[in-house]
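# Report on the structure
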Amino acid sequence: MEKKRSELFNEIPVKALSIGVGIVTSKEIDEINILTATFKAMNQAIGELAPQPEHLLIDGIYFAELNIPAEKIIDSDMKSFTMAAASIIEKVIHYQTLLDYISRYSTYGFAKQKGYGTAQHIISIEEFGLCEILKKSFKLHKH
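Residues numbered from 1 in each chain as written. Predicted model: local features only at pLDDT ≥ 70, side-chain atom pairs only at ≥ 80, totals over all residues. Heavy atoms only, no water.

Attention now goes to the pattern of salt bridges. In this structure the tally under the stated criterion is 5 salt bridges. Glutamate 11 is the salt-bridge partner of lysine 15, the closest N and O atoms lying 3.1 Å from each other. Of the two residues, lysine 15 and glutamate 11 both sit in helix H1 (residues 2-15), 4 residues apart, roughly one turn of that helix. Between arginine 104 and glutamate 132 there is a salt bridge, and its shortest N-O distance comes to 3.8 Å. Residue arginine 104 is found in helix H4 (residues 81-104), and its partner glutamate 132 is found in the segment after helix H6 (119-128); the two are separated by 28 residues along the sequence. Residue glutamate 132 is classed as exposed on the basis of its relative accessible area, which comes to 58%. (Salt bridge = Lys/Arg side-chain N within 4 Å of Asp/Glu carboxyl O. Helix = DSSP H or I, 4+ residues; strand = E, 2+ residues; numbered from the N terminus. Buried < 20%, exposed > 50% of the residue type's maximum accessible area, 1.4 Å probe, protein only.)

Here is the structure:
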């Protein structure tokens with residue numbers, strides 16, 4: 001799956017009219033909250049699009065409205081080639097960023113969790129605390 005995603009990641013920019021990427025840090029998430037940070041990243045990505053879109057497809061049910069008409073579609077990557085392409089771009093950039101963290105923070109198990117919590121990751125946080133790239137507002141949920 002990763003090999004195919006990587007191939008498509010290289011093909012999408014050749015065929016796409018434009019691509020925009022928005023990135024926020026864990027520090028920003030802590031300062032402005034996850035939902036506001038998500039909107040900030042979305043607005044950054046939209047701002048990079050040229051030409052500016054006439055209509056947006058938004059994956060999910062929340063979005064800070066713009067002056068561009070938008071349609072909110074849950075599970076949009078299963079319903080739209082454009083959204084599937086955006087999902088591929090996001091996942092590959094996310095994983096590329098994670099590759100740096102794998103070597104710098106080996107005790108946190110980033111190599112296996114791809115940025116999403118696993119049992120090993122939770123155990124590492126309990127044992128070593130939060131590293132600098134994790135949100136300080138992250139809460140461990142005990143079962």
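By the secondary structure assignment, serine 124 is in helix H6. The buried category is assigned to serine 124, whose relative accessible area is 5%. Residues within four places of serine 124 in sequence aside, it is in contact with Thr107, Tyr108 and Gly129. (Contact = heavy atoms within 4.5 Å.)

In this structure, proline 51 follows alanine 50 across a cis peptide bond, with omega equal to 0°. For proline 51, the location among the structural elements is in the loop between helix H3 (34-48) and strand S1 (56-59). Although it is not a glycine, asparagine 33 adopts a positive phi angle of roughly 85°. The topology assignment puts asparagine 33 in the loop between helix H2 (26-32) and H3.

Any functional reading would require information that these geometric values do not contain.
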